[in-house]
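Per-entry structural report
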Amino acid sequence: MSINLDICYIKELNLDRLVKKGTLLWNFRCPICGDSSKSESKKRGYLMEHKNKKQLFFHCHNCSASGDMYWLISQIASHLLNKYKVDRQAEILRGKKLKIEFNFKSNKEVIKSDNIKIVEGIIPVLELEKDHQALIYLRSRQIPEKFLTRIYFTENYHKWICKQRRKGALSWIKTDPRLVFPIKNQKSKLIGFQGRVIEGDNFRYLTDILVTGEHKIYGLDGVQTSSTIYVLEGIFDSLFVRNSIAMLGMDIQLDMLKELYPNSKIVYVLDNQKRNEFVVQKMSKVIKDRSTGVVIWDKEVSGLKDVNDIILSGRSEEWVNQYIINRTFFGLMKKQLEFVNWKRS
Ligand SMILES: [Zn+2]
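The text that follows walks through the structure, step by step, so that each part is easy to find. Remember, predicted model here, so these are calculated numbers, not experimental data. (Residues numbered from 1 in each chain as written. Predicted model: local features only at pLDDT ≥ 70, side-chain atom pairs only at ≥ 80, totals over all residues.)

Topic: the pairing of strand β2 (residues 25-28)
Sheet topology places strand β1 (residues 19-22) next to β2; 3 bridges connect them, and they run antiparallel. The residue bridging V19 from the neighbouring strand is N27, located in β2. Counted between consecutive antiparallel strands, the loop separating β1 from β2 contains 2 residues. Pairing analysis gives 4 bridges linking β2 to strand β3 (residues 45-49), with the strands arranged antiparallel. Looking at β3, one finds that F28 is bridged to G45. (Pairing = 2+ DSSP bridges. Helix = DSSP H or I, 4+ residues; strand = E, 2+ residues; numbered from the N terminus.)

Remarks on the sheet that holds β1
Across the sheet, which stays open at both edges, the 5 strands sit in the order β1-β2-β3-β4-β5 with antiparallel pairing between neighbours. Strands with a single pairing partner mark the edges of an open sheet, and in this sheet they are β1 and β5 (66-68). Taking the axes of each pair of neighbouring strands and ignoring which way they run, one obtains an average angle of 25° across the sheet. The sheet contacts of helix α2 (residues 69-76) involve β4 (56-60) and β5, and relative to β5 the element is tilted by about 110°. (Axes fitted to C-alpha atoms, helices over the stretch in contact; angles between N-to-C directions. Contact = placed C-beta atoms within 7 Å.)

Observations concerning the sheet that holds strand β8 (residues 178-184)
The strand order across the open sheet formed by 5 strands is β6-β7-β8-β9-β10, and the pairing between neighbours is antiparallel. Each edge of the sheet is formed by a strand with only one pairing partner; in this case those strands are β6 (123-124) and β10 (205-209). Of the pairings in the sheet, the one linking β8 to strand β9 (residues 190-197) comprises 7 bridges and is antiparallel in character. Of the residues in β9, the one forming a bridge with L179 is R196.

Some thoughts on the environment of C63
Mapped onto the secondary structure, C63 falls in the loop between β4 and β5. For C63, a count of 21 C-beta atoms within 10 Å puts it in the buried group. For the pair C63 and L206, spaced 143 residues apart in sequence, the C-alpha to C-alpha distance is 8.7 Å. (Buried ≥ 20, exposed ≤ 12 C-beta atoms within 10 Å, placed from the backbone.)

Topic: helix α6 (residues 157-164)
When α6 is considered as a whole, its buried residues turn out to be Y157, H158, W160 and I161. Each buried residue of α6 sits inside an arc of 165° when the element is viewed along its axis, so together they form one side. Against β7 (152-154), β8, β9 and β10 lie the buried residues of α6. Phi for R166, located one or two positions after α6, is positive at around 60°. (Arc of directions from axis to C-beta.)

Here it is in structure tokens:
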């Protein structure tokens, strides 16, 4: 197995503002956190030679996301994952090393049922001390009590998730306290986790889907296909919206959701951030899609960047759900018109 395979895959990843900085060093805008939303020129994602000299290693100095090429592909270009796995295994066999590194079978021990209690090392937030920073934080975001049962905490997420992935932890990350959100599929089977920092900016999420072939979406286990399905950008926002799911990747997955829910109405509720190019790009994609609905914000919520923000401004869950229904648009013309108004407002 050689590092060349990983190098070949760099160009497949469409990394934004990619520059080769050295023999085995590349720099680009981090595709995990999106890098700085204020400065387009900020680039804090790096690919470099792995310590084992057989692979490349990704790290972002903004969100601290780290992982090997397999992990990076799984996060930002999952359509390439199977091909990469096959290529990698062919390489390994060529090198007469029969040890297959990406062995997901081992995870079955951890994820053997949907009973989350068997996952060791994470603590249900409701079992924490009342004045624990995680609980204080969740309450400051006004997360409804009924959802606290679905949220966990760990002092060192990085170390813990590396254990779940059966990979060594990076020794230089000494502490990484995060909230942990178990992710389940439609059949309520546990398939992965998202770790979210408590302090710091909004982008600090790490998502790991540990079962191959599963979707990177939160909330699939609670969806009723007979009602409209709302698609939000983050887990917190989705907790306030009825019959909703949250996208955990960077990109909009129009076709994937249509395949998953061929007979349901799907409505996107993207952030109210008209100056964020990523949000505007995603919004444009949804606007152009004939069959998908979209919520377009108006002056009633100006200055509030997402659903959680609206709640924090004093509106009730009931109000938010009604507003979302009122501001849902279908039809190319209608969507386009409202989109223009939103961008202008
Ligand atoms: Zn990043």
